[in-house]
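One letter stands for each residue in the lines below.
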Amino acid sequence: MIGGGQLGRMLAQSASLLTIPITILDVGHSPAKHVIHPAPSNINPLTSSNILDANTTPTESHGEGHIDGSFSDPEKILELARRVDVLTVEIEHVNVAALESAERETGVLVQPRPSTIRTIQDKYLQKVHLVKHGVPVAESEAVASNAAAIEEQCKKWGMPLMLKSRTGAYDGRGNFVVSDISQAGQALQALKDRPSYAERWAAFKKEIAVMVVRSLTGEVVSYPAVETVHKESVCHLVFAPLRSDDPAVEERARKVAEDAVRTFEGAGVFGVEMFLMPDGSILVNEIAPRPHNSGHYTIEACNTSQYTNHLLAILGLPLGSTGMKVPSAAMLNILGFSSSFSPISQLVSTALTVPGATVHLYGKAESRKGRKMGHITVVGSSDAEVRSRLRPLLAALLPDPK
Ligand code: ATP
Ligand code: MG
Ligand code: MG
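Residues numbered from 1 in each chain as written. Chains lettered and ligands numbered in written order. Predicted model: local features only at pLDDT ≥ 70, side-chain atom pairs only at ≥ 80, totals over all residues.

1. Quick look at the overall build of the protein
Looking only at helices and strands, one finds 12 helices and 17 strands in the protein. Taken against the 2.2 N^0.38 rule, which gives 21 Å for 402 residues, the C-alpha radius of gyration of the protein at 21 Å falls within 12% of a compact globule. Seen through its C-alpha atoms, the protein measures out along the principal axes to roughly 65 × 50 × 45 Å. Taking the intrachain contacts of the protein between residues at least 6 apart in sequence as the baseline, contacts between residues at least 24 apart amount to 63%. (Helix = DSSP H or I, 4+ residues; strand = E, 2+ residues; numbered from the N terminus. Rg over C-alpha atoms; globule rule 2.2 N^0.38 Å. Contact = placed C-beta atoms within 7 Å.)

2. Describing the sheet that holds strand β8 (residues 196-200)
If you walk across this open sheet you meet the four strands as β5-β8-β6-β7, and the pairing is antiparallel. Each of the sheet's edge strands pairs with one partner strand only, and the pair in question is β5 (140-143) and β7 (175-178). Taken over all neighbouring pairs, the strand axes of this sheet differ in orientation by 30 degrees on average, direction set aside. Note that β5 and β8 share four bridges and pair antiparallel. (Pairing = 2+ DSSP bridges. Axes fitted to C-alpha atoms, helices over the stretch in contact; angles between N-to-C directions.)

3. Considering the pairing of strand β11 (residues 226-231)
In this sheet, β11 lies alongside strand β9 (residues 206-214) in antiparallel orientation, the contact comprising three bridges. Across the sheet, the residue bridging to Glu207 is Thr228, located in β11. In the sheet, β11 pairs with strand β12 (residues 234-240) via five bridges, with the strands oriented antiparallel. In the sheet register, Lys231 faces β12, and the bridge partner there is Val234.

4. Comments concerning the nonpolar core
Grouped together as the largest cluster of nonpolar side chains are 92 residues, with contacts concentrated most on Val272 and Met274. Contact partners of Met274, with chain neighbours within four places excluded, come to Ile208, Ala209, Ala253, Val256, Ala257, Ile282, Leu283, Val284 and Asn285. Within the second largest apolar cluster, 13 residues are counted, among which are Tyr124, Cys154, Leu161 and Val178. (Core = buried A, V, L, I, M, F, W, Y, C linked by C-beta atoms within 7 Å. Buried ≥ 20, exposed ≤ 12 C-beta atoms within 10 Å, placed from the backbone.)

5. Overview of the pairing of strand β14 (residues 282-288)
Summarising the sheet, strand β13 (residues 268-276) and β14 pair through six bridges and their orientation is antiparallel. Bridge assignment links Val272 to a residue of β14, and that residue is Ile287.

6. Observations regarding the packing of helix α3 (residues 96-106) against helix α4 (residues 114-121)
How two helices sit against one another is set out by the angle between their axes and by the gap between those axes. Two elements in contact, α3 and α4, have axes whose closest approach is 9 Å; the angle formed by their N-to-C orientations is 175 degrees. When the axis of α3 is compared with that of α4, the two are roughly antiparallel. For the pair formed by α3 and α4, the contact residues are Val96, Leu99 and Glu100 on the first element and Pro114, Ile117 and Arg118 on the second. In terms of residue class, the contact of α3 with α4 is built from four nonpolar, no polar and two charged. (Parallel < 35°, antiparallel > 145°, perpendicular 65-115°, else oblique. Nonpolar A, V, L, I, M, F, W, Y, C, P; charged D, E, K, R; others polar.)

7. Thoughts on the UniProt feature "domain: ATP-grasp" (unreviewed entry) in the protein
As recorded in UniProt, the feature "domain: ATP-grasp" (unreviewed entry) lies at residues 127-316. For the annotated span residues 127-316, helix accounts for 27% and strand for 31% of the residues, and the straight-line distance between the end C-alpha atoms is 29 Å. (UniProt positions renumbered as here; feature names shortened; annotations may be inferred.)

8. What to know about the environment of Val94
Mapped onto the elements of the fold, Val94 is located in the loop between β3 (86-87) and α3. In this structure, the C-alpha to C-alpha distance between Val94 and Pro114, residues 20 residues apart in sequence, is 9.6 Å. In this structure Val94 touches Ile2, Phe71, Ser72, Val89, Leu99 and Ile117, once residues within four positions along its chain are discounted.

9. Considerations on the site of ligand 1
By nearness alone, 18 residues border ligand 1, and Met162, Ala169, Tyr170, Glu199 and Ala202 come closest of all. Of all the secondary-structure elements, those providing two or more residues to the shell around ligand 1 are β6 (161-165) and β14. Along the lines of polarity and charge, the residues of the shell around ligand 1 split into six nonpolar, six polar and six charged. (Near = placed C-beta within 6 Å.)

10. What to know about the packing of helix α2 (residues 74-83) against α3
One way to put it is that α2 packs onto α3 with a least axis distance of 9 Å and a crossing angle of 40 degrees. Taken together, the axis directions place α2 and α3 in an arrangement best described as oblique. For α2 against α3, the interelement crossing comes out right-handed. Contacts between α2 and α3 involve Pro74, Ile77, Leu78, Ala81 and Arg82 on the former and, on the latter, Ala98, Leu99, Ser101, Ala102, Glu105 and Thr106. (Left-handed = near helix turned anticlockwise from the far one by under 90°.)

11. As for unusual backbone geometry
Omega for the peptide link from Gln111 to Pro112 comes to 0 degrees, which places this bond in the cis form. Looking at the secondary structure, you find Pro112 in the loop between β4 (109-110) and α4. Cis peptide bonds are those with omega within 30 degrees of zero, and the linkage from Ala240 to Pro241 qualifies with -5 degrees. Inspection of the secondary structure puts Pro241 in the loop between β12 and α8 (248-262). Of note, the phi angle at Thr19 is positive, near 50 degrees, even though the residue is not glycine. By the C-beta count within 10 Å, which is 15 here, Thr19 ends up partly exposed. For Ser233, which is not a glycine, the phi torsion comes out positive at approximately 70 degrees. The topology assignment puts Ser233 in the loop between β11 and β12.

What follows is the structure in C-alpha cells.
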C-alpha cells in the first residue's frame, strides 16, 4: 500500500482480520504501520485460514518490514512493487509515472489503475472526464494563474466563484471562494500560484456521498447514500442513511455515483462526493479513488466495511454486502486544535460512556488545527436515538462556559 495515513490504517486493520499480509510505503512510523507488520515468511499463507489463492501468494520477502520513504519516490515504489503481488493506494496524490514503470518492470498488479489515479488527481482533468461521460457536475473552466484571468471569470459567471487548485488539494486546502472581484490577488496568493480552475458556485441544499465498490471484473455496487456536513471545507459529520423529503433522492444519488465510477478503470472503493441541489438534481463534486472519510461509518454500521470491500475488490475476491446492519448511524471527525483549548480528551472520555459509540484514534505524531486525529461512530436503533447519543459529544467540543 502506498501511503500510511488513517485510511491506510483502517485498511490494515481490515487486512489483519483476514490475515492478508500488507506492506506499507510511507515516511517513518506513520499511522497505518502501527497496526500490522508484514506477515513473517514462516507463516504459510495457503493454510485453510487464509483466503488468498495460489496466484496471490505473498512471497518470502514479506517478512522484511514496511518501507520507510516518500510515497512519491520512484525507487521506493519499485522496492515495494518487488515485494508484493498487488499494489494499492490510500491517497491519490501519488507519482503515477512511477507506478506505471514499477508495473512494467515487476509485473505487479496496480489497483485502481494508474490511468484512473492520473485523471482523478488533477481535479480539472477529472471534471473534463466526467463531462465527457455525461456525469452531471458544476461547470468548470481552466483559468490562468493571474489576477486578470480570475477577474474575467468573475465577470463571466458572477460571484461567488469557486477557485480550485488542480492538484494536491485536500480538506479544502486548495479552494478559494471569490466573493468580490477585488479578491483576485488574494486568491492567487492563497493558491500559491498553482495551476487552478474555476467552478461555478453550487448553491446546494445538502452535501451527500456514496461509496462505490468496483470489482476486478467490473461489477459495481454501492453503499447507502449519506449526508455529509462540512465546516470550513472539512468534513465534520456524516449521517447514514440519507433522510430526505423525497425518498427517490437516495436511489438517484446511488445511480449517479455508480455511473460515474463505471467511467473509470480498475478495482477498489471510490468515494463519490455530490451536491443535492434545491431542484432535487444531483451534481458530482469530486471522486476519490480510495476509501473515503464519508465511508468510515461502514465499519460499525454496514455488513462489510468499505475497507474490507476495497481489499476484496483488488484481490479479485467476492464483494461483501454493502447494506446497513443498524437502522441509523452518525460519524463525527475528531479534528486537531491549535489553541491551548483542546477538548479531545474530554470528547473521547465522554464517547467511551455513550452506548453505541466507537472511538477511533489514528495515532498521529502531532495535532495541528484542522488535522484529522480520529473519529467517533455512533450507531442506534433510530435517527432520534443516534442524535441524542451524539449530543453529549458535540457538547464536549464547545468551550467551557466558565
Ligand atoms: P477533500 O478533502 O474532500 O478532498 P477538497 O480539498 O478536494 O476536499 P472539494 O471537495 O473540492 O475540496 O471542496 C471542499 C468543499 O467546498 C465541498 O465539500 C463543498 O462544501 C465546497 N465546494 C466545493 N465546490 C463547490 C462549488 N462549486 N460550489 C459551492 N461549494 C463548493
Ligand atoms: Mg478532494
Ligand atoms: Mg472533497
